[in-house]
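# Working through the structure, step by step
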Amino acid sequence: MLGPSGRMGRRVIELLAARSDMTLSAAIDHPASPLIGQTMAGAPVTSDAGRLAGCAVYIDFTTPEATEEAARAAAAHRVAAVVGTTGLGRAAESALASLEEVAPVLVAANFSLGVNLLLVLAETAARALGTGFDLEIVEAHHRHKRDAPSGTALALARALAAGRGVELEKVLTTARSGDVGARPDGEIGVVALRGGDVIGDHTAHFLGDGERIELTHRAGSRDLFAAGALRAAAWLAGQAPGRYTMRDVLGL
Ligand code: NAD
């Protein structure tokens, strides 16, 4: 487990400890973590990414910097990776691209069944409704979240763009302020709310003339994501090198 002292890492380890088909080999955290030197679920907490050697698979809920470092260490030992860290950026993406040449890699902005079904429904709706409907996403998360918009909101935007058959980068807007003028045709907007202890809410709005559709998912517990990541890890270990998604795991 990479990031064992975090909000997600703690939940993953607690759920893992209750399973009989998995054992925790190592818990790898930031050198400044107060847990270094302790044990979690029988495994030592260390800052040494070399402890990935010998693991069948690792689960990563950390930061883009940690994701990059671990992916490079994992490539040396061909360890499968389940990555939930969001807001990755180029350096981490490139380390994961190198890893997937020698091991199976699954990156998911969201591990819940409901959100992955929402992605499928949103893509279908965007395709069926066509350009007469304006597409907007609103997401809300707790006050500690680092990245915005959320990885899930961007995955949802990507699903809408795929439904329309357009490239997301050409139509995405994440900020409107001042005299921005009328809404350009085909734009996909994403708005991020931050505050309180919201675990994660996402709504795709389809705004037409005279009618509107809203598809919403609300996460009520981090256990959704932790259990989904463990399910992905069990599925991924033993797969051929390459890139996989939660759609593969869930058969959606
Ligand atoms: P958090 O801040 O509570 O935990 C981050 C953890 O990473 C901590 O244990 C920290 O010590 C560790 N860390 C930082 N630098 C490290 C390094 N260099 N090496 C090893 N460990 C390091 O954050 P969180 O709320 O648990 O979220 C973590 C990430 O997971 C975020 O990117 C968040 O957006 C994402 N997330 C994804 C999903 C999903 O379903 N995919 C769900 C929730 C959160």
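## With respect to the environment of Ala-73
By secondary structure assignment, the location of Ala-73 is in helix H2 (residues 64-77). Relative accessible area serves as the criterion here: at 19%, Ala-73 is assigned to the buried category. Linking Ala-73 and Asp-48, residues 25 residues apart in sequence, is a C-alpha distance of 9.8 Å. Among residues more than four places away in sequence, those in contact with Ala-73 are Ala-49 and Leu-52.

## Here we look at the packing of helix H1 (residues 7-17) against helix H7 (residues 223-236)
One can describe the packing of H1 onto H7 by two numbers: an axis separation of 9 Å at closest approach and a directional angle of 60 degrees. As judged from the angle between their axes, H1 and H7 are oblique. Seen from above, H1 lies across H7 with right-handed handedness. Of the residues in H7, those in contact with Met-8, Arg-11, Val-12, Leu-15 and Leu-16 of H1 are Asp-223, Phe-225, Ala-226, Ala-227 and Leu-230. For the contact of H1 with H7, the per-class residue count stands at eight nonpolar, no polar and two charged.

## Things to note about the domain arrangement of the protein chain
Considered domain by domain, the protein chain is made up of domain 1 (7-111 + 223-250) and domain 2 (113-218). For domain 1 and domain 2, the distance between their C-alpha centres works out to 28 Å. Taken together, the contact pairs 14 residues of domain 1 with 15 residues of domain 2. On the surface where domain 1 and domain 2 come into contact, there are two salt bridges.

Rules of the game
- The residue count restarts for each chain, going from 1 along the sequence in the order it is written.
- pLDDT decides what is reported in this predicted model: residues at 70 or higher carry local features, side-chain atom pairs at 80 or more are listed and counted, and totals for whole chains, interfaces and linings draw on all residues regardless.
- Working from all heavy atoms in the structure, the side-chain values ignore hydrogens and water.
- The way it works is that DSSP assigns letters per residue, a run of H or I at least four long becomes a helix, a run of E at least two long becomes a strand, and they are numbered from the N terminus.
- Exposure is judged per residue with a 1.4 Å probe applied to protein chains only, and the accessible area is read against the type maximum: over 50% gives exposed, under 20% gives buried, and values in between give partly exposed.
- Throughout, a contact is declared for two residues whenever any of their heavy atoms are within 4.5 Å.
- In this description, a line fitted to the C-alpha atoms serves as the axis of each element, helices being fitted only across the stretch in contact, and the angle between N-to-C directions of two axes falls anywhere from 0 to 180 degrees.
- Each angle is binned into one of four classes, with values under 35 degrees roughly parallel, values over 145 roughly antiparallel, values of 65 to 115 roughly perpendicular, and all other values oblique.
- Note: crossing handedness is left-handed where the near helix turns anticlockwise from the far helix by less than a right angle, and right-handed where it turns clockwise.
- The nonpolar class holds Ala, Val, Leu, Ile, Met, Phe, Trp, Tyr, Cys and Pro. Asp, Glu, Lys and Arg form the charged class, and all remaining residues, Gly among them, are polar.
- The domain boundaries here were taken from an automatic or database domain assignment.
- Any carboxyl oxygen of Asp or Glu that lies within 4 Å of a side-chain nitrogen of Lys or Arg is treated as forming a salt bridge with it.

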